[in-house]
Every structure is written in structure tokens, then in C-alpha cells.
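Working through the structure, step by step
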Amino acid sequence: MTPKRLCGVLLLALAGPGLARGTDFVHDVQPLLLARCGACHGGEQPQAGLAMHSRADLLKGGATGPAIVPGNSTDSLLLQRVTGIRPPVMPAVGARLSSDEISLLREWIDQGAPLGEATAGTRPPSPLDPRHPAPPAATIHGSANPVDHFVAAYFARHGVTAPPAVPDHVFARRAYLDLWGLLPAPEQLEEFRKDARPDKRERLIARLLADRKNYSEHWISFWNDLLRNDEGVTYAGLRESISGWLLKALEGNLAYDRFVRALLDPREAGDPKGFLTGINWRGDVSASQTRPLQAAQNSAQVFLGINLKCNSCHDSFISRWKLKDAYGLASFFSDSELEIYRCDVATGERAQPKFLYPELGGEAPGASRPLAERQAFAARLFTSDRNGLLARTLVNRVWQRLLGRGLVEPVDDMEASAWDAELLDWLASDFTAHGYDVQHLLSRIMTSATYQLAATGRSKEDKQFTFRGPVVRRLTAEQFADGISAITGEWRLLQPSKPGTGTYVREWRVKSSPLTRALGRPIRDQVFTTRNTDATTLQALELSNGETLSDLLHRGARRLLGEVKPPPVNRFDSGDTRSEKVVADVDITGASQLRLLVEDVGCYDPGRTVAGWARAELVGPQGVTRLSELATDARIENRPLRIQKENYPDSIVAPVPAEVVYDISGRGFTRFRAVAGVDEASLLNEISPRVRFFVFTEVPDRQHLVAVAPGTPVATRPVDPAPQALVTRLYRHALGRDPSPGERRVALEFLSPKVTAEGLEDLLWALFLSPEFQYLN
């Protein structure tokens, strides 16, 4: 035995009984190859003819010869490819193998590529197999949470020193934002700080999870991104909201396997049919975007972490998935037999239902079978107990959401390897063992010492990712907006579709604004599994000079000081209108002004929508006066607007939105009568007009055109207007801490010589634009 080999044997012996057997194919190499190379070399038709199911496959090799030379890693093609010595570097998809993974392969080949002993009668492991690894012995900061045992072992292997735990105020801010999407109020922070019980962090997480209303109103944004569901968005084609069902599912903590089955096989009353409906953009824009293909793409991506977009048009160039795979899955969701199109060209070939992983078992019903039968079959395979990919995919998404980076990245490439595969497997098995309980999964991760470690940034020198603790995260668009609203008391208003009373709501319930779109809220015309959190020029413009934030802080400062006046009451509200015509007959006795508003409430293209008031007339002591006979001041978004009188001589017609103002003082008019509606020309094209008509007799509050019900999403607390107290409260609520002496001195300058709305507004700008407010540390 050579000295080098003797040292290796001694090291293995000293490392413990679990490693004394050496490296073999069954226990060490096969799981690695399945995870990292299975996408291209694990199917029925492996690329380049090279399969990696067995040791014999590697010895046989593919088009370029044997993959391994036992006892000689230097001359083994497998090592040459993964190290890049012989291009092209492999794997072709996903991240390169880590140095530890390459060392494992090198050691195995140099040892003669031993097979190892497999249990008699067992089949080779599959990427789908649920796995149940045992937690290692070591842990972090004395924690009993199994997550910390895996992470401690990982830290030891990579020479990482565990960061310290965050202090209470940082932990509380992190937990509130992660579970409720809201900042803890100063009173809530103080209560938590004073709690002397050793398990107070676990108790806080349990209490936050128990408040299902705040929990569901935050996590619905996560699911809206994944399921292409949105509020206030209009498409020219087909789309169906699932918000009601989704909110109820979150409030009831519906088991995840049942959650997925309801989305893929909606058969009961109230089930969410909108997910399979997808989005129809004025017809099928391409063969790869038909409803069944969208259903296949979305379900594979969301629930299995597999991207089928490329191979919905042609065989993928970057993965093992073929055109027939996409059509095979789509056939489960089609009400008729599908013809296969390659790059929008019909092939004449008919697709038959085939699941992505046929090894899950069962004979798929043919395309001639009823749609309900085929959807039920697909839903069963997606949620099968043998399909470990379902649980691992959600665990990975939740881990990314809570700690800033997934165990597998990108999260839609779940056939790539995790930075700690055993941790991922254990979390997935724990999740399924607890009945696919999503709240249990959240609690398991958030009660770990790992979640509570100080956040870090990724080092530029760290070319290959090494987990060192949670990654600094940016607030989502909804968290940012709701945080400002909770502090100032200024919330978005949700108008009912019919005339009536509006309610103050959290950001997710209303149409996105230019600010929230700039901060990453997607329009959800496709699946968004990860939002872009990089800083952009558009964000800088919206945060520093955008009308949305400017108006919010202007009103918020005044609302904090009790200076916001009650909004004027409308005299007429048409409710949301599309093609219908609405009759207005309004009492305007004693009015000196008549203000006619046309508001956009979800037009696909408001700039091309023309709407207005036909047969408009005023009734007074002298009889009836046509409104078109009076002089007017017409405006659109506060800019002068030319009324289209030449085309509509007896009507008041303008683009959307618009405000037309008439001076009627001293005329004695008592009633305004008209018919409000959309011009027929706007109904003939595909702009899907949706507008609302209002009549006011005084200057309206454009943010509050309808009456508002009492109450806000977060209870408004009285604010002490004394400068010192006001500064302290704002810092505690926004940042979770007291201001430093220097910060307090500068803040008080904004409020000197007395507290004014203008000075307070400047202070709010300074707070909300600070990185400390916008990020989770």
C-alpha cells in the first residue's frame, strides 16, 4: 500500500464508522449523478448515448467512449468533463460540480470504482424518491431543531463559522414581515422585548401563524405570483380569478397535496378553475401558448420545479425534455386530442397523455377518455406519495423566501443538486410526515437557529455558492407599501364594483401601482417563481420622484397629524360599467359647480377608450338647458382636455380618465340628467373598456371617490405629536429600534421650530428611503 493510500485509509478510519467503508457507487456516486447529471443522462434516450443509471453504464460509455477508467481518474472522461479539462464542461445545465463533488468522483475512480452493496431486490434510486436521512449529531448554538444539525455539519465541511443570532428586535421584525408582511408596532416590539421566557421566539412564531387573517393576506402574494392570479388586472382575452378560493385555502391551512389536487382537478363547487384556464391573449397567440400547453407548463414549473417552456415549441436545447413530453402532459388538460406543433408548424402527429415521470405507475387514460378522468389521473401522480419532487419543490421555494436563497438554485431546476441535499430531503420528508402542513414547514424553518442567524451578503470571491447564513433580503413591493400605510394610517381604497361603500385594504387586493410595479410586483401574465430584487433606474425614479410615493407620504404626514379632511360625497356613482348604459338623474340643488368624472377601473387600453355623457341636460327655473351649450373646463390627469364636440354634438365625450367642470353658480339648476356609457367604437375593438362615472358638486378627493367604511387593515393608534415622542415612535415602527443621537438630532431638525405636515413629510422620506427600512437584515 502506498503512503498516500495508507494516509487515506487512516483518515477514513479516524473520521468515524459511517465513512470507514470508503466511497462506492451505490451509496455515494449514484445519488450524485442522478441529481446533477440525470436531466440529460438519466432518461430513456440519454444524450450522446451515455446513461448513468449504473456502474456498467459508465464503463460502457457513450458516443465518445467509456466514461471512467477504474483506478485512473486522470484519464477518465467523466472527470475531464466535470473539471473542464476536456470541453464541453459538464453538466451542461445548472451549476458546475463543487470541489467536494469532484473530489468524491475522483476518489471513487482512483479506488477502482467499487460498486458497493445494494439491498437485494431494490430498484435503482430515482430523482423522485422520497428520502429520509438521519440528522447529524452536531448542531448550532445548542439548538435541538434538526435543521440546525444538518447546517452545523455543512458548516464543518466547508469551514464556516456560524454567525451570531440576531437580537430580539431584529428577529421580531424578520418574523412579523415573513409571516404577516407587516412591521411590528412599537407596542408589539416592547411586549416581545420584555418577555423573559426562554422559548419566547418559538411562542411568537406560533402566535403569528395562529392569526390566519394577517398570515393569509401576506402569503397570498407568494401564491399569486406562482399561480398567475391577480387583482384589478384586465386582459383582452380569458382569465379567471381564484382569489376567493386561495384566501380561504390559506386561512384554513389546506394541506398542500389537497391544495395541488384542487388546482389540477377542480371538480367540486368553488374549486379554483382559473389556474388551468390560464390566460388567453385575444386568442391563442402561438401553438405553445394554448390553454392545455399553458396548464402543462405552469403545473410542471410550479409544483415540480421543471421548466417546459422551450420544449413546448421544440425539443429543449438546455434540458432532457422533449416536445412530446410537453404535449404528453398537456393532453391531460385538453378537452380534445392535441395535434403536435413544432415551432408553430403542424406535424400531423397526435399526442397521447403521458406523465413526465411514468415510473410513478398506473396506465394513463387515452386522449379519448373524458377530460375529468385525465385531469384526476394527472393530479394523483403530481401528489403521489412516491413523488418526492412535489414536497422538495415547495420546501425549496419556502426556504428561498425565508432565507434569501434556495437550497437548489434556480428554483425551477429541481433536477439540479442542492447545496445540502440531505437537508432538503429531510425537510421534505418532515413536511410530508406532518400531512403536507405548510404552517408546520414555516415553523420548522423559522424556529431553527439557522433562520435566526445574522444575515450575510454573498462574497464576490465566493464563485461557487457556500451557505453562510440567511442572505439579506429586500422587502417585497407589498411589504414596502403596507409598511408605510401601517405607520402613516394612509391605506389604498378598494372600491366595490357596484355603487356603495369602499374599504381600506392591504396592497395585494388592489391593482398594482407604478411604485409597486417598479419594486417588483409582477403583472402575472406568466408564472413568477422568483422576483427580481436588483436595484434598477426605474426604482430610483419612482422612489425619489414618483407620484405614487409622493402622494402617499404627502397624505400620510397629514393623516398622522389629523389634518386630512373628510372627502366630499359623490352625488352619483355608476358603478363599474362595460357595455351597458347608465341613467343619471341627480339632485344638484344649491350647487355652484358640476363636476363630471370618467375613471378608468381596469381598461385593457384606457388611452383608446372613449366614454362620456349623452343627452346631458340641466333642469332649472327656466326649464331644460343642454349641457353642451355651457362653457366647460375639461381635464385629463390635471391637464387641459379638448372635448370631442364635433363628433358628438349632443354629448360630453372624452378619453379616459377625464374630469369636466361646469360653473353653474347663480343659475338655480336643481337636477342633472344624462345617460353615461362607453362609445360604441370602443366596444368594437379589443380594449375591454371598464370605466366608472361620478358626479360631484365640489372638488373631489381623487383617492376617495366613494364613501369609506370605518376601520383599516391595521388598527390606527394615537400618535403623540410632541417632537421627541414622534421621532422615537417612527424609528421604532419603521426600523425596530430607537434612533441614534445623531439620527435624533437630524430628525428633530425636520420638526423644528414646530411640527408641521411639511417637516414630517420630509422625515418620512428620509426614513422610508433608507436601506435599513427597505431591507431585512
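Conventions we followed
Residues numbered from 1 in each chain as written. Predicted model: local features only at pLDDT ≥ 70, side-chain atom pairs only at ≥ 80, totals over all residues. Heavy atoms only, no water. Helix = DSSP H or I, 4+ residues; strand = E, 2+ residues; numbered from the N terminus. Contact = heavy atoms within 4.5 Å. Lys, Arg positive; Asp, Glu negative; His and termini not counted. Charge placed at Lys NZ, Arg CZ, Asp CG, Glu CD. Salt bridge = Lys/Arg side-chain N within 4 Å of Asp/Glu carboxyl O. Buried < 20%, exposed > 50% of the residue type's maximum accessible area, 1.4 Å probe, protein only. Pairing = 2+ DSSP bridges. Polar contact = N/O pair within 3.5 Å; in protein donor to acceptor, adjacent residues only side chain to side chain. Core = buried A, V, L, I, M, F, W, Y, C linked by side-chain atoms within 4.5 Å. pLDDT = per-residue confidence, 0-100. Axes fitted to C-alpha atoms, helices over the stretch in contact; angles between N-to-C directions. Parallel < 35°, antiparallel > 145°, perpendicular 65-115°, else oblique. Nonpolar A, V, L, I, M, F, W, Y, C, P; charged D, E, K, R; others polar. Expected span 1.5 Å × (residues − 1). Phe/Tyr/Trp six-rings, centres within 6.5 Å; stacked < 30°, edge-to-face > 60°. Lys NZ or Arg CZ within 6 Å of the ring centre and 35° of its normal.

This part is about the overall build of the protein chain. Tallying secondary structure elements over the protein chain gives 28 helices and 17 strands in all. Expressed along its principal axes, the backbone C-alpha trace of the protein chain runs to roughly 115 × 75 × 45 Å. In the protein chain, of all internal contacts separated by at least 6 residues, the share reaching a separation of at least 24 is 69%. With 92 positive and 93 negative side-chain charges, the protein chain shows a separation of 1 Å between the mean positions of the two kinds.

In this section: the pattern of salt bridges. Following the criterion strictly, the structure yields 46 salt bridges and no others. The closest approach of N and O atoms between R197 and D195, which form a salt bridge, is 3.0 Å. Since its relative accessible area comes to 19%, D195 is described here as buried. D482 is the partner of R506 in a salt bridge, and the nearest nitrogen-oxygen pair spans 3.1 Å. One end of the pair, R506, is in the loop between β5 (503-505) and α21 (514-518); the other, D482, is in helix α20 (residues 477-488), and 24 residues separate them in sequence.

Both strand β1 (residues 339-342) and strand β2 (residues 345-350) contribute to a ladder of three bridges, which runs antiparallel. Counterpart to Y341 in the pairing with β2 is A346. The antiparallel pairing of β1 with β2 creates a hairpin that spans two residues between the two strands, and C343 there sits at a positive phi of about 50°.

On to the side chain of R473, then. You can see R473 is positioned in strand β3 (residues 473-474). One polar contact links the side chain of R473 to the main-chain carbonyl oxygen of L402, over a distance of 3.1 Å. Those residues in contact with R473, other than ones at most four positions away along the chain, are R174, D178, R401, L402, L403, G404, Y451, Q774, Y775 and L776.

Within the largest apolar cluster, 110 residues are counted, with the highest numbers of intra-cluster contacts made by W223, L227, Y256, F259, F303, L329 and W399. For this core, the element with the highest residue contribution is helix α17 (residues 388-403), accounting for nine residues. If sequence neighbours within four positions are ignored, F303 has contacts with L227, Y256, V260, L263, L264, F275, F382, L389, L390 and T393. L553, A734, F768 and F773 belong to the second-largest nonpolar core, a separate cluster that totals 31 residues.

Attention now goes to the confidence of the model for the protein chain. With 91% of its residues at a pLDDT of 70 or more, the protein chain shows a mean pLDDT of 89. Here residues 1-20 is a poorly scored stretch, pLDDT under 50, and it has eight contacts once near neighbours within four places are set aside; other chains count.

Attention now moves to the environment of D762. Summarising the element assignment, D762 is placed in helix α27 (residues 757-768). Given a relative accessible area of 40%, D762 falls into the partly exposed group. C-alpha of D762 to C-alpha of F750: the two residues are twelve residues apart in sequence and 6.7 Å apart in space.

Where helix α7 (residues 168-179) meets helix α10 (residues 212-227), the axes come as close as 7 Å, and the angle between the chain directions of the two elements is 75°. Judged on the interaxial angle alone, α10 and α7 are roughly perpendicular. For the pair formed by α7 and α10, the contact residues are L177, D178 and L179 on the first element and N214, Y215, H218 and W219 on the second. Among the residues forming the contact of α7 with α10, the class breakdown is four nonpolar, two polar and one charged.

So, on to the pairing of strand β9 (residues 610-620). Judged by how many residues are buried, β9 sits mostly within the fold: eight of eleven residues are covered. With five bridges connecting them, β9 and strand β13 (residues 651-655) associate as antiparallel partners. Residue pairing in the sheet places A614 in a bridge with S651 of β13. In terms of strand pairing, β9 meets strand β15 (residues 671-678) through seven bridges, oriented antiparallel. Bridging across to β15, V619 finds its partner in R671.

One can find S429 in helix α18 (residues 421-433). Judged by its relative accessible area of 11%, S429 falls in the buried class. Among residues more than four places away in sequence, those in contact with S429 are R131 and H132.

Turning our eyes to something else, we now look at α18. If you check α18, its first and last C-alpha atoms are 18 Å apart, about what 13 residues at 1.5 Å a residue would give, namely 18 Å. For α18, the full list of buried residues reads L423, L424, D425, W426, L427, A428, S429, D430 and F431. Looking at the packing, one finds that the buried side of α18 touches α6 (146-158), α12 (256-264), α17 and α19 (438-446). Measuring from the backbone nitrogen of E422 back to the side-chain oxygen at the start of α18 gives 3.3 Å, which picks out D420 as the cap. Positive backbone phi, approximately 70°, marks G435, located one or two places after α18.

Applying the stated criterion to the full structure yields 31 aromatic pairs. Centroid distance W613 to F672: 5.8 Å. Interplanar angle 65°. Geometry classified as edge-to-face. With W613 in strand β9 and F672 in strand β15, the pair connects residues that are 59 residues apart, well separated along the chain. The exposure class of F672 is buried, given its relative accessible area of 0%. Members of the aromatic cluster, joined through ring pairs, are W219, F222, W223, W245, Y256, F259, F431 and Y436. When the ring centre of W219 is taken as origin, the NZ or CZ atom of R401, which lies over that ring, is 5.2 Å away.

Here the bond from M90 into P91 is cis, since omega is 0°, no more than 30 degrees from zero. The residue after E409, namely P410, is reached through a cis peptide bond having omega -5°. When you line up the elements, P410 lands in the loop between α17 and α18. For A48, which is not a glycine, the phi torsion comes out positive at approximately 60°. Here A48 shows up in the loop between α2 (25-41) and α3 (55-60). You will see that Y436, though not glycine, has its phi angle at about 55°, which is positive. Positionally, Y436 belongs in the loop between α18 and α19.

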